[in-house]
Amino acid sequence: MSELNEQGNALLKLLADGHFHSGEKIGELLGVSRTSVNNYIKGLQEIGLDIYKVPGRGYQSATPIDLLDEKIIRSLSQHAHVKVEQILDSTNKWLLDKIPNLKNGQICIAEYQLAGRGRRGRTWVSPFASHLYFSYYWRFESGIEKLSGLSLLVGIATVNALEETGIKGVSLKWPNDLYYQGKKLAGILIELNAQANEACHTVIGIGINVRMPPEQAKLIDQPWIDLSSLSDGKVDRNLLSANLISQLQKLLPEYEKNGLKPHLTKWFELDCFLNQPVNVLLADKHKAGICRGIDEHGALLLECNGNIETYIGGEVSLRLA
Ligand code: BTN
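### Structural notes on the sheet that holds strand β10 (residues 277-281)
Then step 1. Across the sheet, which stays open at both edges, the 5 strands sit in the order β13-β12-β11-β10-β14 with antiparallel pairing between neighbours. Looking at strand neighbours, the two that pair on one side only are β13 (307-311) and β14 (315-318), the edges of this open sheet. Adjacent strand axes in the sheet meet at a mean angle of 50 degrees, parallel and antiparallel pairs treated alike.
Then step 2. One ladder, built from 4 bridges, connects β10 with β14; its direction is antiparallel. Note that in β14 the partner of Val-280 across the bridge is Val-316.

Shown next as structure tokens:
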């Protein structure tokens, strides 16, 4: 399935206002029986939309649904290569499958991912029209060597984009998570297609929790937060996408030239574990120490018995006293 059918789309548009609509009226609009209306509603619920029925009143979406709009994102970001899809496996995979025929800076955003990819082979829960599933293709002419700090730079670009959208107080957890008060708000997954001594093709995937439907929340096994619970107003995903595009367009070419060094101060401001006791989870062991930030290659600096050790891979968790 790559998009909802005609009836599915008509139903989606009707329920998008967040008001009640009777089964009878929906049936008339779609040209189908009451039983079929139930099936279409089930279909939308299955892809993560929070729609419920109140006897005597009809069906309602728990919140108004505002859809992504390719034209709006293009015009807000002044960027032509934006593709918005309704349903696909994964926005990262969509771009990876199209290398090397992509324009540098091609973007893919989706309303729903059937197989959203997280780090370490995990699934990224991707309900319809709820969050932001965003991927950006970038060709690094300078090859693979320069990429060690890329996920950290993307973290900084994402925090900047959130700030421009009015969301303050987001911090970064090395190497590529966005946190708000100890809860995960967003994650970054960078996938590569690289050959030695050639340009390196990167697909930068960013998933941001915008409005988590209660049923989908049950599928997540770590503390999480979404933008709608930390901002007063409704979050405009089109504006957030455009701000993300502008940030990446600005920071990626700069990073290719100058690396991470110009961004170290910003990282230290945003690092949620700086100077705190942490555990670094490596392939086969844990290492305990004090987080002392990062170096210019994006490696984690860990103070262990008075010495600074550097780590390129792994995951960090806070070590409680
Ligand atoms: C993580 O595990 O923290 C990384 C999550 C990355 C999710 C995003 S959503 C857009 C892009 N497409 C995917 O399939 N994954 C990334």
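### Regarding the pairing of strand β4 (residues 107-113)
Side chains on a regular strand alternate between the two faces of the sheet.
Then step 1. Counting buried residues in β4 gives 7 out of 7 residues, a clear majority hidden from the surface.
Then step 2. Both strand β3 (residues 82-88) and β4 contribute to a ladder of 6 bridges, which runs parallel. Pairing of Lys-83 across the sheet is with Cys-108, part of β4.
Then step 3. Remark: the β3/helix α5 (residues 91-96)/β4 crossover connection has right-handed handedness.
Then step 4. Across 4 bridges, β4 lies against strand β5 (residues 132-140) in antiparallel orientation.

### Description of the state of the cysteines
Then step 1. Applying the stated rule across the entire model yields 0 disulfides.
Then step 2. No disulfide involves Cys-200; its nearest neighbouring cysteine sulfur is the one of Cys-108, lying 19 Å away.
Then step 3. You can see Cys-272 has no disulfide; the closest cysteine sulfur is in Cys-291, sitting 8.4 Å from it.

### With respect to the nonpolar core
Generally speaking, a soluble globular protein has its nonpolar side chains buried in company with each other.
Then step 1. One finds Ile-109, Leu-132, Phe-134, Leu-150, Ile-206, Leu-227 and Leu-252 to be the most contacted residues of the largest nonpolar core, which totals 63 residues.
Then step 2. Per-element accounting of this core gives the leading share, 9 residues, to helix α6 (residues 150-164).
Then step 3. Ignoring sequence-local partners within four residues, the contact set of Ile-109 consists of Leu-68, Ile-73, Val-82, Lys-83, Val-84, Glu-85, Thr-91, Leu-132, Tyr-133, Phe-134 and Ser-241.
Then step 4. Counting residues in hydrophobic clusters, the runner-up holds 19 residues, among them Leu-11, Ala-16, Ile-51 and Phe-128.

### Some details on helix α4 (residues 70-77)
Then step 1. Put simply, Asp-69 is the residue that caps the front of α4, since its side-chain oxygen is 3.0 Å from the backbone nitrogen of Lys-71.
Then step 2. With its phi angle positive at about 55 degrees, Gln-78 sits one or two positions after the end of α4.

### Considerations on the sheet that holds strand β8 (residues 183-194)
Within a sheet, neighbouring strands are paired by backbone hydrogen bonds and run either parallel or antiparallel to one another.
Then step 1. In space, the 7 strands of this open sheet follow the order β3-β4-β5-β9-β8-β7-β6, with mixed pairing throughout. Since the sheet does not close on itself, it has two edges, and those belong to β3 and β6 (171-173), each with one partner. The sheet shows a mean angle of 25 degrees between the axes of neighbouring strands, direction not considered.
Then step 2. Along the sheet, α6 makes contact with β5, β6, β7 (177-180), β8 and β9 (200-208), crossing β8 at roughly 135 degrees.

### Comments concerning the site of the ligand
Then step 1. Residues in contact with the ligand amount to 20 residues; listed here are only the nearest, Ser-90, Thr-91, Arg-117, Arg-119 and Lys-184.
Then step 2. Between Ser-90 and the ligand, the recorded distance is 2.8 Å, taken from a side-chain N or O atom to an oxygen atom.
Then step 3. Contact with the protein chains covers 99% of the free accessible surface of the ligand, which is 410 Å².

### Structural notes on the packing of helix α1 (residues 6-15) against helix α3 (residues 34-46)
Then step 1. Close contact between α1 and α3 brings their axes to 10 Å; oriented N to C, the two are set at 75 degrees. Classified by the angle their axes make, α1 and α3 are roughly perpendicular. For the pair α1 and α3, the contacting residues are Gln-7, Gly-8, Leu-11, Leu-12 and Leu-15 in the first and Tyr-40, Ile-41 and Leu-44 in the second.
Then step 2. Of the residues belonging to the contact of α1 with α3, the class tally is 6 nonpolar, 2 polar and no charged.

### Looking at the pattern of salt bridges
It is possible for side chains bearing opposite charge to pair when their charged atoms get close.
Then step 1. Within this structure, the stated rule accounts for 16 salt bridges.
Then step 2. Residues Glu-315 and Arg-119 are paired through a salt bridge, measuring 3.7 Å at the closest nitrogen-oxygen approach. Here the residue Glu-315 occupies a position in strand β14, and Arg-119 occupies one in the loop between β4 and β5, the gap between them amounting to 196 residues.
Then step 3. Among the residues examined, Glu-315 registers a relative accessible area of 15% and is labelled buried.

### A word on the side chain of Ser-90
Then step 1. Topologically, Ser-90 is positioned in the loop between β3 and α5.
Then step 2. A polar contact of 3.1 Å, which involves the side chain of Ser-90, links it to the backbone nitrogen of Lys-93.
Then step 3. When neighbours within four sequence positions are excluded, Ser-90 is seen to be in contact with Gln-113, Ala-115 and Arg-117.

### Quick word on the packing of α4 against helix α9 (residues 237-258)
Then step 1. It is the contact of α4 with α9, at a shortest axis distance of 8 Å, that shows an interaxial angle of 40 degrees. Compared by their axis directions, α4 and α9 come out oblique. Here the hand of the crossing between α4 and α9 comes out right-handed. In this structure, α4 uses Ile-72, Ile-73, Leu-76 and Ser-77 to contact α9, whose residues at the interface are Asn-238, Leu-239, Ser-241, Ala-242, Ile-245, Ser-246 and Gln-249.
Then step 2. In terms of residue class, the contact of α4 with α9 is made up of 6 nonpolar, 5 polar and no charged.

The rules behind the values
Residues numbered from 1 in each chain as written. Predicted model: local features only at pLDDT ≥ 70, side-chain atom pairs only at ≥ 80, totals over all residues. Heavy atoms only, no water. Pairing = 2+ DSSP bridges. Helix = DSSP H or I, 4+ residues; strand = E, 2+ residues; numbered from the N terminus. Axes fitted to C-alpha atoms, helices over the stretch in contact; angles between N-to-C directions. Buried < 20%, exposed > 50% of the residue type's maximum accessible area, 1.4 Å probe, protein only. Right-handed = clockwise from strand over helix to strand, strands pointing away. Disulfide = S-S within 2.5 Å. Core = buried A, V, L, I, M, F, W, Y, C linked by side-chain atoms within 4.5 Å. Contact = heavy atoms within 4.5 Å. Polar contact = N/O pair within 3.5 Å; in protein donor to acceptor, adjacent residues only side chain to side chain. Near = heavy atom within 4 Å. Areas by Shrake-Rupley, 256 points an atom, 1.4 Å probe, with all protein chains shown as cover. Parallel < 35°, antiparallel > 145°, perpendicular 65-115°, else oblique. Nonpolar A, V, L, I, M, F, W, Y, C, P; charged D, E, K, R; others polar. Salt bridge = Lys/Arg side-chain N within 4 Å of Asp/Glu carboxyl O. Left-handed = near helix turned anticlockwise from the far one by under 90°.

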